[in-house]
Amino acid sequence: MGFRSKFPPPLPPPSSISFSKFIIFFLCIIMFQKSNAQTPRTVPSEVRALNSIFDQWDVRIPNNEWNISGEPCSGTALGPDFDKENGVAQIECNCTFDSNTTCHITKLKVSKLSRQGVIPVELTALPYLTQLKIDQNNFTGPLPTFLGNFSSMVVLSLSHNQFSGTIPKEIGNLKELDLLAISSNNFSGTLPPELGNLVKMQGLYMDSCGCGGEIPSTFANLRELRHMWASDSPFSGKIPDFIGNWTKLLRLRLQGNNFEGPIPATFSNLTSLTSLRISDLQNVSSSLNFITNLRNLSDLIIRNALVSGRIPTDINRLQNLETLDLSFNNLSGPLPRTLMNISALTSLFLGNNSLSGSLLPDKSPNLQNIDLSYNELSGTFPQWALPSWAMRDLQLNLVANNFKFDSTNISYFPGLNCLQRDFPCNRNTTTPYTSFAIKCGGSGVRSNNIQFDTENSTTLGPASYDFKEKWAVSNGGVVIDRINNDPSFIQTTTIRVNNTRYPELFTTSRKSPGSLRYYGLGLQNGPYTITLFFAETVFNLSTSVWKGHPRRLFDIYIQGNREQKDFDISKEAGGAGKAIEKNFDVTVTQNHIEIHLFWAGKGTCCIPEEGDYGPIISAIRVTPGFKVKGNSSNNTGMIIGIIAGVGSVSLVFLIFGLFYLKRRRSKDGEEEEILGMGPKINTYTYAELKTATSDFSRSNLLGEGGFGPVYKGILNDGNVVAVKQLSVASHHGRTQFITEISTISSVQHWNLVKLHGCCIEGARRLLVYEYLENKSLDQALFGKRNVHIDWATPKLYDDKRTHMSTRVAGTIGYLAPEYAMRGHLTSKADVFGFGVVCLEIVSGRPNYEDKLDSEQKYLLQWAWSLYESNRSLELVDPCLTSFDEQEARRMIGIALMCVQASPSLRPAMSRVIPMLSGDIEISQVTTKPSYLTDWDFNDTTNTFYDEETPSLSFENTTITTNTTSTGIESVSMSSPIISELINTGSLREGR
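An unreviewed UniProt entry annotates the protein as non-specific serine/threonine protein kinase of Lactuca virosa. The UniProt entry for the protein carries the following comment under Subcellular location (unreviewed entry): "Membrane".

Novice: Residue-level account of the overall build of the protein, with values.
Specialist: Broken down by element type, the protein carries 14 helices and 52 strands. When the 991 residues of the protein are sorted by exposure, 53% land in the buried category. Excluding contacts between residues fewer than 6 apart, the proportion of contacts in the protein whose partners are at least 24 apart in sequence is 62%.

Novice: How would you summarise the pattern of salt bridges if you had to cite specific residues and measurements?
Specialist: Here the idea is simple: oppositely charged side chains can pair when their charged atoms come close. On inspection of all chains with the given rule, the structure shows 26 salt bridges. The shortest N-O distance in the salt bridge between aspartate 83 and lysine 133 comes to 2.9 Å. Separated by 50 residues along the polypeptide, aspartate 83 in the loop between α2 (44–57) and β2 (90–96) and lysine 133 in strand β5 (residues 131–133) bring together distant segments of the chain. The partner of aspartate 566 in a salt bridge is lysine 602, with the nearest N and O atoms 3.3 Å apart. Of this pair, aspartate 566 sits in strand β36 (residues 561–567) while lysine 602 is found in the loop between β38 (593–598) and β39 (616–617), placing the two residues 36 residues apart along the sequence. We classify lysine 602 as buried; its relative accessible area is 15%. Because the salt bridges share partners, they merge into one network encompassing Arg253, Arg277, Asp299 and Asp481.

Novice: Run through the side chain of arginine 510, naming residues and quoting values.
Specialist: Of note, arginine 510 is situated in strand β32 (residues 508–511). Using a relative accessible area of 1% as the deciding quantity, one classes arginine 510 as buried.

Novice: I'd like a rundown of helix α10 (residues 829–843), residues and numbers included.
Specialist: Because each turn of an α-helix spans 3.6 residues, side chains separated by three or four positions end up pointing in the same direction. Helix length check: α10 (15 residues) gives 22 Å between terminal C-alpha atoms against 21 Å at 1.5 Å per residue, within 8%. The element α10 is largely enclosed, with a buried count of 12 among its 15 residues. Positive backbone phi, approximately 70 degrees, marks glycine 844, located one or two places after α10.

Novice: Any chance you could break down the sheet that holds strand β37 (residues 579–588) for me, citing the residues and the numbers?
Specialist: On the basis of which strands lie adjacent, the open sheet formed by six strands has the order β27-β28-β26-β40-β34-β37 and mixed pairing. One side of each edge strand has no neighbouring strand; the edge strands of this open sheet are β27 (445–447) and β37. In this sheet, neighbouring strand axes are inclined to one another by 25 degrees on average, regardless of whether the strands run parallel or antiparallel.

Novice: How would you summarise the confidence of the model for the protein if you had to cite specific residues and measurements?
Specialist: Of all residues in the protein, 76% attain a pLDDT of 70 or more, and the chain-wide mean is 81. With pLDDT under 50 throughout, residues 791–809 is counted as low confidence; its partners more than four residues away or in other chains account for 59 contacts.

Novice: Hey, could you go over the packing of α10 against helix α12 (residues 885–898) for me, with residue numbers and the actual values?
Specialist: The geometry of α10 relative to α12 is characterised by a closest axis approach of 7 Å and an angle of 150 degrees between their N-to-C directions. Classed by the angle they form, the pair α10 and α12 counts as roughly antiparallel. When you trace α10 past α12, the crossing you get is left-handed. The residues of α12 that touch α10, namely those facing Val831, Phe832, Phe834, Gly835, Cys838, Leu839, Ile841 and Val842, are Met891, Ile892, Ala895, Leu896 and Cys898. Residue composition of the contact of α10 with α12, grouped by class: 12 nonpolar, one polar and no charged.

Novice: If you had to explain the packing of aromatic side chains to someone new, which residues and values would you point to?
Specialist: The full count for this structure, using the stated rule, is 27 aromatic pairs. Consider the rings of phenylalanine 452 and phenylalanine 533, whose centres lie 5.9 Å apart with planes at 85 degrees: the pair is edge-to-face. Placement of the pair is phenylalanine 452 in strand β28 (residues 450–455) and phenylalanine 533 in strand β34 (residues 526–535), with a sequence separation of 81 residues. Aromatic pair tyrosine 557 and phenylalanine 598: ring centres 6.5 Å apart, planes at 80 degrees, arrangement edge-to-face. Of this pair, tyrosine 557 sits in strand β35 (residues 554–558) while phenylalanine 598 sits in strand β38, and the two are 41 residues apart along the sequence. Per residue, the accessibility class of tyrosine 557 equals that of phenylalanine 598, and both read buried. Between lysine 109 and the ring centre of phenylalanine 82, over which it is positioned, the NZ or CZ distance is 5.5 Å.

Novice: How would you sum up the pairing of β34? Please name residues and give values.
Specialist: Across the 10 residues of β34, eight count as buried, placing the element largely inside the fold. Where β34 lies against β37, 10 bridges are found, and the strand directions are antiparallel. In the sheet register, phenylalanine 534 faces β37, and the bridge partner there is isoleucine 580.

Novice: For the sheet that holds strand β24 (residues 376–377), give the residues involved together with the corresponding values.
Specialist: Ordered by their spatial adjacency, four strands build an open sheet running β18-β20-β22-β24, and the pairing between neighbours is parallel. On the outer flanks of this sheet lie β18 (308–309) and β24, each paired with one strand and no other. Of the strand pairs in this sheet, β18 and strand β20 (residues 330–333) are connected by two bridges, and their pairing is parallel. Of the residues in β20, the one forming a bridge with glycine 309 is leucine 331.

Novice: Provide a residue-level description of α2, including the pertinent values.
Specialist: With 14 residues, α2 ought to run about 20 Å at 1.5 Å a step, and its terminal C-alpha atoms sit 20 Å apart, in line with that. Taken residue by residue, α2 has Glu46, Val47, Ala49, Leu50, Asn51, Ile53, Phe54 and Trp57 as its buried positions. Check the buried side of α2 and you find it contacts β1 (41–42), β2, β3 (102–109), β4 (116–117) and β6 (138–142). One or two residues past the end of α2 sits aspartate 58, with phi positive at roughly 55 degrees.

Novice: An account of the nonpolar core is needed here, citing residue identities and associated values.
Specialist: By size, the foremost hydrophobic cluster in this structure holds 121 residues, and its most contacted members are Leu123 and Met206. Taken together, the elements giving at least two residues each to this core come down to α2, β2, β3, β14 (251–254), β16 (275–279) and β17 (299–303). The element best represented in this core is α2, accounting for five residues. If we ignore the near neighbours within four places in the chain, the residues touching methionine 206 are Ile182, Ser183, Leu191, Ile215, Phe219, Met228, Trp229, Ala230, Ser231, Ser233 and Phe235. Val538, Phe539, Ala573 and Ile616 belong to the second largest nonpolar core, which has 32 residues in total.

About the criteria used
Residues numbered from 1 in each chain as written. Predicted model: local features only at pLDDT ≥ 70, side-chain atom pairs only at ≥ 80, totals over all residues. Heavy atoms only, no water. UniProt positions renumbered as here; feature names shortened; annotations may be inferred. Helix = DSSP H or I, 4+ residues; strand = E, 2+ residues; numbered from the N terminus. Buried < 20%, exposed > 50% of the residue type's maximum accessible area, 1.4 Å probe, protein only. Contact = heavy atoms within 4.5 Å. Salt bridge = Lys/Arg side-chain N within 4 Å of Asp/Glu carboxyl O. Expected span 1.5 Å × (residues − 1). Pairing = 2+ DSSP bridges. Axes fitted to C-alpha atoms, helices over the stretch in contact; angles between N-to-C directions. pLDDT = per-residue confidence, 0-100. Parallel < 35°, antiparallel > 145°, perpendicular 65-115°, else oblique. Left-handed = near helix turned anticlockwise from the far one by under 90°. Nonpolar A, V, L, I, M, F, W, Y, C, P; charged D, E, K, R; others polar. Phe/Tyr/Trp six-rings, centres within 6.5 Å; stacked < 30°, edge-to-face > 60°. Lys NZ or Arg CZ within 6 Å of the ring centre and 35° of its normal. Core = buried A, V, L, I, M, F, W, Y, C linked by side-chain atoms within 4.5 Å.

Below, the structure is given as structure tokens:
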């Protein structure tokens with residue numbers, strides 16, 4: 001039924017009625033016309049346009065609410081009901097035109113009706129429109145340029161459709177616009193600069209819109225903005241400083257974009273903010289110094305944003321804060337004393353940082369969810385954390401820290417002792433596990449003859465873990481926008497997933513709005529295949545409804561390595577309710593597996609409901625890639641074989657025993673010496689290592705070190721190791737070799753490779769290290785160039801150069817002087833090595849190059865010489881045809897600060913990073929770096945490892961340290977061999 005207008009009936013002829021009746025009839029007509037004159041009418045052209053638009057969109061006309069008796073501007077169209085959620089199309093009219101006789105349609109709403117079509121040209125016949133709300137439908141096509149002609153438009157809401165193409169620049173003509181919503185569409189291209197003309201705009205919603213590129217500089221004019229959502233759109237470049245001038249801003253969301261840091265310091269001006277969400281920044285680090293001015297914040301999320309430094313000590317000034325998420329950053333230092341006493345705070349997420357110290361002694365009773373996993377925390381557990389004292393339903397995740405457990409506290413947190421850093425339980429056990437399977441978010445099930453374990457804990461919530469003997473699970477994250485949060489984080493579905501051999505696995509799934517990790521524990525080292533079972537059982541991807549266009553994206557990490565970025569289950573599976581299995585091969589070297597599903601801010605946020613995003617998984621299966629011992633089913637044959645073999649084996653043992661006793665005598669002295677050194681050192685036979693490396697095959701060669709080649713090897717127990725085969729000319733030096741093994745094994749530092757053991761057989765000397773995936777650092781720096789960083793030294797114990805017995809572990813060219821000369825391993829030792837590598841990167845050459853002129857051979861000396869004469873840029877690799885001179889100068893200056901002789905003069909790495917990014921200005925370097933030929937310093941930093949200052953002895957060479965009257969140590973050097981050794985050296989092999 002369309003819209004129509006009312007007209008008076010025709011007059012009857014006077015002769016047909018009596019005079020009195022005619023008078024009465026005439027008066028009635030007058031009254032009717034008077035009444036009709038007071039009833040305003042909708043302009044007919046607008047009526048026709050509205051009929052046509054509704055016909056094209058297949059929209060039903062709600063005659064019982066408006067359009068009463070065919071007049072559009074009637075009923076609710078004249079009242080305040082336009083914004084009510086009543087499930088029907090709605091208009092609103094203004095009937096004050098032409099002395100209250102003419103009505104114009106000023107508002108049009110077709111929302112949440114899943115209508116299809118395009119924006120028709122008939123819309124131009126409604127020139128008085130101030131609001132157009134057609135969100136939450138399936139409208140397609142580009143936005144027509146005529147939208148820019150609605151000069152009175154105040155609200156333009158186009159979100160949650162399938163519009164495509166670019167945003168017309170003509171939208172910038174809508175000078176009265178208060179709200180522009182283009183979220184969740186398929187737009188492309190960049191934002192037109194003309195949108196900066198919308199100076200009255202208070203709400204800009206463009207999350208998941210598809211537009212990208214940099215935010216136009218004209219947006220600096222949008223100083224009236226209260227709300228801007230721009231998450232999950234590929235906007236790039238730096239976050240604009242001018243956002244800090246939007247001082248009326250209440251809510252800002254910049255998550256899952258391609259923005260670079262830093263977060264502008266001008267954000268400290270946004271004192272009206274109640275919600276700030278920034279995540280997934282790239283390249284440049286940020287600090288939190290700006291946040292303490294933002295005292296109206298109720299939720300602050302700065303996640304995975306390269307934030308470094310410390311949490312401000314006065315963060316307690318944010319007394320309205322309810323949710324604080326600073327996870328997945330580089331924050332360091334202790335927890336601020338008053339952090340957990342913010343009275344309104346309910347959720348605190350600080351996981352995956354470098355926070356140290358102990359837990360705070362007290363907390364606010366409102367603080368319910370606390371995630372401190374993956375930090376460096378240690379110490380005792382405060383009373384509030386103990387189960388007997390803890391508040392009901394407290395969520396506390398302390399996985400992967402440095403807490404120590406004994407009989408007094410191990411029962412408080414079941415399994416947490418096994419989930420600390422390095423996962424210490426069941427390491428090198430005699431009965432390791434070789435497989436496991438988990439039914440994520442559900443009860444155990446046997447499917448296809450595979451038993452999947454139960455994992456259906458309803459207490460696994462925003463900040464918690466669940467431990468089983470063979471596996472564990474850890475979660476971090478909360479949905480703060482959904483009123484009725486799902487406390488179980490479990491998705492149950494009635495959708496039947498049929499395209500799989502395991503349909504039983506997909507009736508339930510475990511979900512997370514942030515970070516979900518599964519661990520395999522106590523595994524035998526060796527190769528495995530990890531199978532992850534996924535199906536999208538939350539979304540309905542029907543194109544006939546507006547809720548049919550959600551996107552769920554998350555990243556998959558295995559053993560800390562990102563194996564898949566922006567994984568989209570439904571896209572890869574071919575639709576919702578369809579299963580997909582993802583297989584990943586991995587080599588276990590430390591008896592455990594970590595599977596991490598991580599939401600990086602991408603995907604739609606609010607389809608079908610707020611908070612429908614983040615990882616979801618139905619099951620996990622881990623199977624070995626090696627033959628598991630004891631799996632043979634032919635027990636009878638095994639028993640016969642054992643009986644038959646006993647006699648033969650006895651004879652073999654008798655013969656072998658005679659040979660062994662003779663050989664044992666020659667080895668006892670060596671093994672006793674090794675076993676008596678202190679820390680337990682594993683000893684390997686040469687035959688073991690020869691087998692592990694496939695007879696030292698060239699295919700397993702990782703690199704050539706100064707003292708011999710390094711090979712990748714797989715031991716009998718499945719452990720992957722790096723085997724260094726030392727070049728030895730004689731038996732001279734065995735004692736020194738054993739001494740060095742003792743020293744290396746004693747040193748504990750997070751950046752040193754671990755020594756597993758050694759082999760000493762006759763003239764053979766081999767070291768067995770932990771295997772690191774990335775081979776040698778020199779390959780990353782210098783590619784395949786024929787460079788020598790003390791690498792040309794062919795012998796270890798020959799007459800020309802004696803093995804150093806300094807009790808110092810590492811390669812001298814990169815070792816800090818306090819460690820190389822005195823064995824003092826300070827917290828700034830790594831900074832020195834970093835500085836050397838920085839100079840090598842800038843110059844494109846190693847720290848020592850014998851072929852160069854004498855003044856250029858030693859990189860540190862050459863760099864300082866150029867720096868002193870204000871010619872630093874001459875150090876830059878000549879292969880670079882163009883580069884940023886300011887950045888090069890900055891990097892050289894920082895490197896020279898890092899290689900200062902005194903540790904106290906070197907910056908901490910937490911400052912080096914913001915200095916490199918330009919966040920912190922670097923000061924002029926006034927003292928030359930240490931060449932270890934001219935060394936005076938006073939070590940004022942703390943040490944990890946201390947001992948008496950040694951006398952460093954070499955064949956025909958002695959270095960002694962003497963303390964002067966000022967307490968400063970000096971070094972005298974009497975041999976060019978020492979100078980060469982100290983100023984050269986190799987990068988660690990096997991990285």
